[in-house]
Amino acid sequence: QVQLVESGGGLVQAGGSLRLSCAASGRTFSSYVMGWFRQAPGKEREFVAAIGWSGGSTYYADSVKGRFTISRDNAKNTVYLQMNSLKPEDTAVYYCAADFRLATTPRGYDYWGQGTQVTVSS
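Asker: Residues and numbers for the pairing of strand β3 (residues 18–24), please.
Answerer: Burial within β3 is extensive, with five of its seven residues counted as buried. As paired strands, strand β1 (residues 4–7) and β3 are joined by four bridges and run antiparallel to one another. Considered in β3, the bridge of glutamate 6 is made with cysteine 22.

Asker: Before we move on, can you summarise the packing of aromatic side chains with the specific residues and values?
Answerer: Here the structure, examined in full by the defined rule, presents seven aromatic pairs. Taken together, a centroid distance of 4.6 Å and an interplanar angle of 25 degrees make the contact between tyrosine 32 and phenylalanine 100 stacked. Here tyrosine 32 is found in the loop between β3 and β4 (33–39), whereas its partner phenylalanine 100 is found in the loop between β9 (92–99) and β10 (111–112), with 68 residues between them in sequence. Look at tyrosine 32 and you get buried, because its relative accessible area is 2%. On the numbers, 5.7 Å between centres and 75 degrees between planes, the contact of phenylalanine 37 with phenylalanine 47 is edge-to-face. Taken together, the residues phenylalanine 37 in strand β4 and phenylalanine 47 in strand β5 (residues 46–51) connect sequence positions ten residues apart. The same class applies to phenylalanine 37 as to phenylalanine 47, namely buried. Geometry around tyrosine 95 places arginine 45 over its ring, the cationic atom sitting 3.7 Å from the centre. In this arrangement the basic side chain of arginine 72 is found over the ring face of phenylalanine 29, its NZ or CZ atom lying 4.5 Å from the centre.

Asker: Give me the lowdown on the pairing of β5, citing residues and values where you can.
Answerer: The element β5 is extensively covered by neighbouring structure, given that five of its six residues are classed as buried. Hairpin connection between β4 and β5: a loop of six residues separates the two successive antiparallel strands, and glycine 42 in this loop has a positive phi of roughly 75 degrees. Across three bridges, the pairing between β5 and strand β6 (residues 58–60) is antiparallel. Residue pairing for β6: alanine 49 is matched across the bridge by tyrosine 60. Counting the residues in the hairpin turn of β5 and β6 gives six residues, including glycine 55, whose phi is positive at 90 degrees.

Rules behind the numbers
- Residues numbered from 1 in each chain as written.
- Predicted model: local features only at pLDDT ≥ 70, side-chain atom pairs only at ≥ 80, totals over all residues.
- Heavy atoms only, no water.
- Buried < 20%, exposed > 50% of the residue type's maximum accessible area, 1.4 Å probe, protein only.
- Helix = DSSP H or I, 4+ residues; strand = E, 2+ residues; numbered from the N terminus.
- Pairing = 2+ DSSP bridges.
- Phe/Tyr/Trp six-rings, centres within 6.5 Å; stacked < 30°, edge-to-face > 60°.
- Lys NZ or Arg CZ within 6 Å of the ring centre and 35° of its normal.

Listed below in structure tokens is the structure:
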């Protein structure tokens, strides 16, 4: 089992940047595929990005491709989401998630953090 804690959210103007972090407990972090999802008010939780065990494989939603970068540091048990050129439509609660296999839907992940709010003002 793994426990996840996100940080780094906040309020930023459109065009700005934020870096989210997700710290994981446990000694088997490198065994997990890590994902980022987001959920805006009144909307379903949606896939943002995912990264494979070693960090060599990354996957992005079309809406963030070219603007967001997912990375991981297995020595620090942490996954990151660098968000650049932020838009008001990026406003949401961002969640990190972990599981043993790659998935791009929320049902594919068993472990979730509590979320961190990202608000982008126009």
